[in-house]
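Architecture and fold: a report
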Amino acid sequence: MEKLVFVLRRSDSDATDSWCESLRTTVAARLVDIGAAGVTVYVRDAAVQGALMRMVTLDPPIAAVVTIWVEQSYGPAATAAAEILGACATAAHGYLVTESVPLRLDDAVPTRTDGFGNLAFLRRPAELTPDEWLRRWQHEHTAVAIETQSTFGYTQNVVVRAITPDAPAIDAIVEEQFPAAALTDPMVWYDTRDAAEFQNRVRRMLDSVARIGADRDLDTVSVSRYPVLQPFSLRTHQHS
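1. Comments concerning the overall build of the chain
Check the secondary structure of the chain and you find six helices and eight strands. Of the regular secondary structure in the chain, the N- to C-terminal order runs β-α-β-β-α-β-β-α-β-β-α-α-β-α. Expected size for 240 residues packed as a compact globule is a radius of gyration near 18 Å; at 17 Å, the chain falls within 12% of this value. Reported as C-alpha extents along the three principal axes, the dimensions of the chain are approximately 50 × 45 × 35 Å. Looking at the chain residue by residue over its 240 residues, the buried ones come to 51%. Put simply, 82% of the contacts in the chain that link residues at least 6 apart link residues at least 24 apart. Summed over its atoms, the accessible surface of the chain is roughly 11,100 Å², and 53% of this surface lies on carbon and sulfur atoms.

Spelled out as structure tokens, the structure:
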């Protein structure tokens, strides 16, 4: 199986709650019907509008992300998914990724995941080789992110290639899940109520982020997460 990440861009005024709902219901059902083996929908809906954290470089901005699992990235399901999602947004870009999951979520119940998702779209700095960048990110930064934040779900996706024309350059996509209170409270985000420890954790995180170039040329968006259909391998594992 291969994982595809589709990035949907749409102006804030057009990314309405009704549009978000259609993505996680009607559109998601169509993706299942064409043969997607796993579907997760992230939308910037009313539940996350008060988010403190948002960074935007793309115009129009990222309003939703849909991840799907298919048998082949060149196969008919991938092609059909690109057409379906392309009709839903001002621009829709698909990427084939390799997935690693330092903190796995329990998606046994297909409903909105607790808390909120924070998605980050990383671009490798020119001064770092791909190997050095991955080493710093996955070997060094992963532990810092988990130790300094209240994250309870953490997935790293390394982009292999774009699967749609004219897709903007993105080297990796991060899916994180935070407690609801972290949406507006930085101290909950950094999982401490102690002022000195808060400053220490912020400093550690910012230093680590700078080492992978994620302190610039970055898109982030807070979202509600809807696991519509789990990948077959996870369904088998959880019920074995």
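2. Considerations on the packing of aromatic side chains
A ring pair, where both rings are aromatic, is described by two values, the distance of the centres and the angle of the planes. Overall, the coordinates contain five aromatic pairs when judged by the stated rule. Considering the side-chain rings of phenylalanine 178 and tryptophan 189, the 4.0 Å spacing of their centres and the 25 degrees angle between planes classify their relative orientation as stacked. With a gap of 11 residues between them, phenylalanine 178 in strand β7 (residues 172-178) and tryptophan 189 in helix α4 (residues 186-189) connect regions that are remote in the sequence. Residue phenylalanine 178 is classed as buried on the basis of its relative accessible area of 0%. Cluster of aromatic residues (ring-pair linked, three or more members): Phe116, Phe178 and Trp189.

3. Describing the sheet that holds β7
The strand order around the closed barrel built from eight strands is β1-β3-β2-β8-β5-β7-β6-β4, with neighbouring strands paired in antiparallel fashion. Pairs of neighbouring strands in the sheet enclose a mean axial angle of 30 degrees, with direction left out of account. Docked against the sheet, helix α1 (residues 17-33) engages β1 (2-9), β2 (38-43), β3 (62-70) and β8 (219-229), running at close to 170 degrees with respect to β2. Lying on the sheet, helix α3 (residues 130-148) is in contact with β4 (91-103), β5 (116-122), β6 (153-162) and β7; it crosses β6 at an angle near 160 degrees.

4. What about the packing of α1 against helix α2 (residues 76-86)?
Running from amino to carboxyl end, α1 crosses α2 at an angle of 165 degrees, the nearest separation of the two axes being 10 Å. When the axis of α1 is compared with that of α2, the two are roughly antiparallel. Handedness of the crossing formed by α1 with α2: right-handed. Here Val27, Arg30 and Leu31 of α1 lie close against α2, whose contacting residues are Ala81, Ile84 and Leu85. Among the residues forming the contact of α1 with α2, the class breakdown is five nonpolar, no polar and one charged.

Quick notes on the rules
- Residues numbered from 1 in each chain as written.
- Predicted model: local features only at pLDDT ≥ 70, side-chain atom pairs only at ≥ 80, totals over all residues.
- Heavy atoms only, no water.
- Helix = DSSP H or I, 4+ residues; strand = E, 2+ residues; numbered from the N terminus.
- Rg over C-alpha atoms; globule rule 2.2 N^0.38 Å.
- Buried < 20%, exposed > 50% of the residue type's maximum accessible area, 1.4 Å probe, protein only.
- Contact = heavy atoms within 4.5 Å.
- Areas by Shrake-Rupley, 256 points an atom, 1.4 Å probe, with all protein chains shown as cover.
- Phe/Tyr/Trp six-rings, centres within 6.5 Å; stacked < 30°, edge-to-face > 60°.
- Pairing = 2+ DSSP bridges.
- Axes fitted to C-alpha atoms, helices over the stretch in contact; angles between N-to-C directions.
- Parallel < 35°, antiparallel > 145°, perpendicular 65-115°, else oblique.
- Left-handed = near helix turned anticlockwise from the far one by under 90°.
- Nonpolar A, V, L, I, M, F, W, Y, C, P; charged D, E, K, R; others polar.

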